[in-house]
Amino acid sequence: MSDFLSYEQQDHVVTLTMNDPKRRNPLTGNSAVDEFVAALARIHADSSVRAVILTGADPAFSAGGDIRTMQQQAAPEVSPGRIREDYRGGIQRLPLALFNLEVPVIAAVNGPAIGAGLDLACMCDLRIASENAKFAESFVKLGIIPGDGGAWLLPRVIGMARAAELTFTAEMIDAQRALEWGLVSRVVPHASLMDTARELAARIVVHPPLAMRMTKKLMREAMHTRLDTLLEISAAFQALAHKTAEHAEAVSAFLEKRAPRFTD
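Residues numbered from 1 in each chain as written. Predicted model: local features only at pLDDT ≥ 70, side-chain atom pairs only at ≥ 80, totals over all residues. Heavy atoms only, no water.

### Overview of the side chain of Arg213
With respect to the helices and strands, Arg213 occurs in helix α10 (residues 209–222). Although buried, Arg213 forms no salt bridge, and the nearest oppositely charged side chain, Glu102, lies 4.7 Å from it. Polar contacts involving the side chain of Arg213 include one to the main-chain carbonyl oxygen of His44, which spans 2.9 Å. From its side chain, Arg213 meets the backbone oxygen of Val49 in a polar contact 3.3 Å long. Ignoring any residue separated from it by four or fewer positions in sequence, one finds Arg213 in contact with Ile43, His44, Asp46, Ser47, Val49, Glu102 and Val103. (Helix = DSSP H or I, 4+ residues; strand = E, 2+ residues; numbered from the N terminus. Buried < 20%, exposed > 50% of the residue type's maximum accessible area, 1.4 Å probe, protein only. Lys, Arg positive; Asp, Glu negative; His and termini not counted. Salt bridge = Lys/Arg side-chain N within 4 Å of Asp/Glu carboxyl O. Polar contact = N/O pair within 3.5 Å; in protein donor to acceptor, adjacent residues only side chain to side chain. Contact = heavy atoms within 4.5 Å.)

### Examining the sheet that holds strand β2 (residues 13–18)
Reading across the sheet, the 6 strands line up as β1-β2-β3-β4-β6-β9 and stay open at both edges, with mixed pairing between neighbours. Either end of the sheet is taken by a strand with one partner, and the two such strands are β1 (5–10) and β9 (186–188). Ignoring strand direction, the axes of neighbouring strands in this sheet form an average angle of 20°. With 6 bridges joining them, β2 and strand β3 (residues 51–56) adopt parallel strand pairing. Paired with Leu16 across the bridge in β3 is Leu54. (Pairing = 2+ DSSP bridges. Axes fitted to C-alpha atoms, helices over the stretch in contact; angles between N-to-C directions.)

### Description of the pattern of salt bridges
This structure, assessed with the given rule, holds 14 salt bridges. Of the charged contacts in the structure, one is a salt bridge between Asp125 and Lys216, with a shortest N-O distance of 2.8 Å. Note that Asp125 is positioned in the loop between α5 (116–123) and β6 (126–130) and Lys216 in helix α10, a separation of 91 residues in sequence. Ionic pairing is found between Arg258 and Glu256, a salt bridge with its closest N-O pair at 2.6 Å. The partly exposed category is assigned to Arg258, whose relative accessible area is 25%. Each member of the salt-bridge network shares a partner with another, and the members are Asp20, Arg23 and Asp66.

### Re the sheet that holds strand β8 (residues 172–174)
Taken together, 3 strands build an open sheet; the order of strands is β5-β7-β8 and the sheet is mixed. Every other strand in the sheet has two partners, leaving β5 (113–114) and β8 as the edge strands with one partner each. As paired elements, strand β7 (residues 134–136) and β8 share 3 bridges and run antiparallel to each other. Its bridge partner lying in β8, Lys134 is registered against Asp174.

### Focus: the packing of aromatic side chains
Using the criterion set out here, one finds 2 aromatic pairs in the structure. Ring centres 5.6 Å apart and planes at 75° place the aromatic pair Phe99 and Trp152 in the edge-to-face group. Residue Phe99 is located in helix α4 (residues 93–100), and its partner Trp152 is located in helix α6 (residues 150–158); the two are separated by 53 residues in the primary sequence. Above the plane of the ring of Tyr7 lies Arg42, whose end atom (NZ or CZ) is 3.6 Å from the centre. (Phe/Tyr/Trp six-rings, centres within 6.5 Å; stacked < 30°, edge-to-face > 60°. Lys NZ or Arg CZ within 6 Å of the ring centre and 35° of its normal.)

### So, empty space enclosed by the protein
Tallying each qualifying case throughout the model produces 1 cavity of 30 Å³ or more. In this structure, the largest cavity encloses a volume near 50 Å³. Contributing to the lining of the largest cavity are Val49, Arg50, Val103, Pro104, Ile204, Val205, His207, Pro209, Met212 and Arg213. If you tally residues by element for the lining of the largest cavity, the top one is α10, at 3 residues. In terms of residue class, the lining of the largest cavity is built from 7 nonpolar, 1 polar and 2 charged. (1 Å grid on protein atoms, 1.4 Å probe; cavity = no way out; pocket = protein on both sides within 12 Å on 5 of 7 lines; lining within 4 Å. Points joined across faces, edges and corners; volume = space filled by probe spheres on them. Nonpolar A, V, L, I, M, F, W, Y, C, P; charged D, E, K, R; others polar.)

### Examining a nonpolar patch on the surface
A grouping of Val251, Phe254 and Leu255 is seen on the molecular surface, where their side chains present a nonpolar patch of about 350 Å² in accessible area. Within the secondary structure, Val251 is located in helix α12 (residues 245–256). (Patch = residues over 30% accessible without salt bridge, like charges linked within 9 Å, V, L, I, M, F, W, Y side chains within 5 Å. Areas by Shrake-Rupley, 256 points an atom, 1.4 Å probe, with all protein chains shown as cover.)

### Details of the packing of helix α1 (residues 32–45) against α4
Where α1 meets α4, the closest approach of the two axes is 9 Å, and the angle between their N-to-C directions is 15°. Judged by the angle between their axes, α1 and α4 are roughly parallel. Considering the relative orientation of α1 and α4, their crossing is left-handed. Contacts between α1 and α4 involve Val33, Asp34, Phe36, Val37 and Leu40 on the former and, on the latter, Arg93, Leu94, Ala97 and Leu98. (Parallel < 35°, antiparallel > 145°, perpendicular 65-115°, else oblique. Left-handed = near helix turned anticlockwise from the far one by under 90°.)

### A word on α4
A turn of α-helix holds 3.6 residues, and therefore any two residues three or four places apart point the same way. Where α4 is concerned, the buried positions are Leu94, Pro95, Ala97, Leu98 and Phe99. Where α4 is buried, its residues contact α1, β4 (105–109), α5, α6 and α10.

Everything listed here is a matter of geometry and, on its own, says nothing about what the molecule does.
Listed below in structure tokens is the structure:
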């Protein structure tokens, strides 16, 4: 990773940091999507990675779409067909890459998460917020729609009624309201945010990594699959899980009253 996204691994946890603080870490008009997709592919292929923390360089988590890019897209010479393809080949690759990643992802929201920045947080599995965090689904304020999947993501996180209120008003909510609405699971002092994220990641990575990846995959599938279909997938995954070395180690450790030891 070079320009936008820093990639740092400590033991089994990768921390991805959006690193364009002067522009408040925008997700368009730069190399953000390409770097995210490359980083997530690297994580997916690395069995030593068991959890990911995603954050932004202060003061913002992400301001979402770059306004200058929007202005360019509104120019008469840019056709609707071109814009459609730009979305499909651009920012829409990001929710797909994060949705398909089998490693749990924690969004450590350090500051404002606006528009696509809020949607990026919703693409993650868990969200914790600094007291400085603010959230807005602000697309209609600019006369556009959530083109990055926000209309699918946000209702699944906070429910349709609250997602509609946040989307239709385009108003900003603070971290405490986000906690009340279930958008985040906790709010912590700004200085404690990354320590809290790392502590949460540590509670995840102690578990068998293959089982964790399959469990996340099942939870993602459950978001849009019938119960009978999910049960069939679960039976197949369970047949695989029962034959893994990590399952044998977990059972042995439980019976022997010791901590399990899982290898990558």
